[in-house]
Amino acid sequence: MTSITIKSQLSVDFKEFVTLDAHTEGEPLRIIMSGYPEIKGDTILEKRQYVQTHLDTYRKLLMHEPRGHADMYGVLITDAVTEGADFGVLFLHNEGYSSMCGHGILALVKVMCETGTIKLTAENESNARVIKIDSPAGLITAKAFRDKQEKVHASFINVDSWADAINCQVDVEGFGMVDYDIGFGGAYYAYVDADSLGISCAPSNAAQLIDLGRRIKLAVMANHPLIHPVETDLSFLYGTIFTSKKVTNPEAHSRHVCIFADGEVDRSPTGTGVSGRIALLHAKGEVELNNPIMIESIVDGRMIVSATAQSQFNGKSAVLPEVSGRAFITGKHEFYLDPDDIFQDGFILR
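Per an unreviewed UniProt entry, the protein carries the name trans-L-3-hydroxyproline dehydratase and comes from Shewanella pneumatophori. The protein has a UniProt comment under Catalytic activity (unreviewed entry) that states "trans-3-hydroxy-L-proline = 1-pyrroline-2-carboxylate + H2O". UniProt, in its Sequence similarities (unreviewed entry) section for the protein, records the words "Belongs to the proline racemase family."

Take a look at the structure:
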């Protein structure tokens, strides 16, 4: 080791951002702790519109290279906007802002519990701490407890989730006809059976999955308009989820590979994605209520999901999914923006 010590005092007026990073089942989450100005708006959707309009350069700075990467994911914590909520969340990625993020909820709850931001006294799930979180998709009810080995366990009840369309078909440019279902689990996804298409869901096939996932998403968007029953801002297709029965874990029901935003590959099974999937499986009569299943990811991460109850959501026959998964803290960062930096908004290379 050299004896030279680099001083931390900066000589010019740099803008500073502090983040705490984590991952859920392999999918990253960058929790933005400081650097943003006040986020205005009376509702979470208004707050999301405000950051889109006025603060989007900060998203690009922290999600894009050289501070992030093409598959980075982040979260902003906001004040609560509904009665009884503890706080609100806005989720960020390479393309913009998602409506809900299951892996993000699990990682954020884990981090808050590990850092003492949320105090835990429960030693089992029956008396777990309940945390209410405002998201653009609706109010999320998370639960956390610390077991006798001091391990934190987290889960959440998602928003009403439903099968929006079953047994649809679309002609995908350069590939041909593709069968798909559409499920909503806080975001809309097109679900495609990879096995029937001869598509591998292994990590070595990520390039084909990204390419075909993008093309399927564009084809479905062009031919299958989506209308959320309450919020126009949620009326969009978030991504393509490839499903497969070729699993690594013999206890897994199936595998998910989610291609979302601008070609991002979810390293986890996707919290909103498994929610939409359990709604589809229940609608098809393939999974009963309160029958948990394990879904694994492209890197063998796993989430447990069950449909805890049936519900009605503005004319939609829905279920309330419960999702759990493992999350881990990976680091703390202090990022700076030099006012003369030639890449103020960063960039993305694949």
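Q: Residues and numbers for the overall build of the protein, please.
A: What the protein contains, in helices and strands, is 6 helices and 18 strands. Against the 2.2 N^0.38 benchmark of 20 Å for 350 residues, the protein shows a C-alpha radius of gyration of 20 Å, consistent with a compact globule. For the protein, the C-alpha atoms occupy an extent of roughly 65 × 50 × 45 Å along the three principal directions. Scored against the burial criterion, the 350 residues of the protein give a buried share of 54%.

Q: Please give an account of the state of the cysteines that cites residues and values.
A: Two cysteines whose sulfur atoms are joined by a covalent bond form what is called a disulfide. Taken as a whole, this structure holds 0 disulfides when the rule is applied. Here Cys101 is not cross-linked by a disulfide; its sulfur's nearest cysteine counterpart is in Cys258, at 9.9 Å. You can see Cys113 has no disulfide; the closest cysteine sulfur is in Cys101, sitting 17 Å from it. Given a relative accessible area of 1%, Cys113 falls into the buried group.

Q: Explain the pairing of strand E6 (residues 129-135) to me, and be specific about the residues and the numbers.
A: Examined bridge by bridge, strand E4 (residues 87-92) and E6 share 2 bridges and lie parallel to one another. Each bridged residue has a counterpart across the sheet, and for Phe87 the counterpart in E6 is Ile133. With antiparallel pairing between neighbouring strands as the criterion, E6 and strand E7 (residues 138-146) make up a hairpin whose turn holds 2 residues.

Q: Please set out helix H1 (residues 44-54) residue by residue, giving values where relevant.
A: Three- or four-residue spacings in an α-helix give side chains the same orientation, since the helix completes a turn every 3.6 residues. Inspection of H1 places Ile44, Leu45, Lys47, Arg48 and Val51 among the buried residues, and these make up the whole buried set. Seen end-on, H1 carries its buried residues on one side only, within an arc spanning 160 degrees. For H1, the exposed residues lying more than 90 degrees away from the buried face are Thr53 and His54. Elements in contact with the buried residues of H1: helix H2 (56-63), strand E3 (74-78), E4, strand E5 (97-98) and E6.

Q: Give a detailed account of the pairing of strand E10 (residues 176-184), specifying residues and quantitative values.
A: By the criterion of burial, E10 is predominantly enclosed, with 7 of the 9 residues buried. Connecting strand E9 (residues 161-172) to the antiparallel partner E10 that follows it, the hairpin turn spans 3 residues, and Gly174 within it adopts a positive phi of roughly 80 degrees. Pairing geometry for E10 and strand E11 (residues 188-193), over 4 bridges, is antiparallel. Residue pairing for E11: Asp181 is matched across the bridge by Tyr191. Between the antiparallel neighbours E10 and E11 lie 3 residues, among them Gly186 with a positive phi of about 110 degrees.

Q: Pulling in residues and values, what's your account of the environment of Lys110?
A: Considering the arrangement of structural elements, one finds Lys110 in helix H3 (residues 102-114). We classify Lys110 as buried; its relative accessible area is 12%. With 87 residues separating them in the primary sequence, Lys110 and His23 have C-alpha atoms 10.0 Å apart. Those residues in contact with Lys110 that sit more than four places away from it in its chain are Val152, Ala327 and Phe328.

Q: A description of the side chain of Glu65 should follow, citing residues and the corresponding values.
A: Along the chain, Glu65 turns up in the loop between H2 and E3. Here Leu349 takes part through its backbone nitrogen, which lies 3.3 Å from a polar atom of the side chain of Glu65.

Q: A description of the packing of aromatic side chains should follow, citing residues and the corresponding values.
A: Summed over all chains, the structure comprises 15 aromatic pairs. On the basis of an interplanar angle of 75 degrees and a centroid distance of 6.4 Å, the ring pair of Phe17 and Tyr36 is categorised as edge-to-face. With Phe17 in strand E1 (residues 15-24) and Tyr36 in the loop between strand E2 (27-34) and H1, the pair connects residues that are 19 residues apart, well separated along the chain. Tyr36 shares its class with Phe17; the two are buried. Where Phe17 meets Tyr58, the ring centres are 5.3 Å apart and the plane angle is 65 degrees; that geometry is what we call edge-to-face. Taken as a pair, Phe17 in strand E1 and Tyr58 in helix H2 lie far apart in primary sequence, 41 residues in all. For the residue pair Phe17 and Tyr58, the accessibility class agrees, reading buried in each case. Chaining the aromatic ring pairs together yields one cluster made of Tyr73, Phe91, Tyr189, Tyr191, Phe236, Tyr238 and Phe260.

About the criteria used
- Residues numbered from 1 in each chain as written.
- Predicted model: local features only at pLDDT ≥ 70, side-chain atom pairs only at ≥ 80, totals over all residues.
- Heavy atoms only, no water.
- UniProt positions renumbered as here; feature names shortened; annotations may be inferred.
- Helix = DSSP H or I, 4+ residues; strand = E, 2+ residues; numbered from the N terminus.
- Rg over C-alpha atoms; globule rule 2.2 N^0.38 Å.
- Buried < 20%, exposed > 50% of the residue type's maximum accessible area, 1.4 Å probe, protein only.
- Disulfide = S-S within 2.5 Å.
- Pairing = 2+ DSSP bridges.
- Arc of directions from axis to C-beta.
- Contact = heavy atoms within 4.5 Å.
- Polar contact = N/O pair within 3.5 Å; in protein donor to acceptor, adjacent residues only side chain to side chain.
- Phe/Tyr/Trp six-rings, centres within 6.5 Å; stacked < 30°, edge-to-face > 60°.

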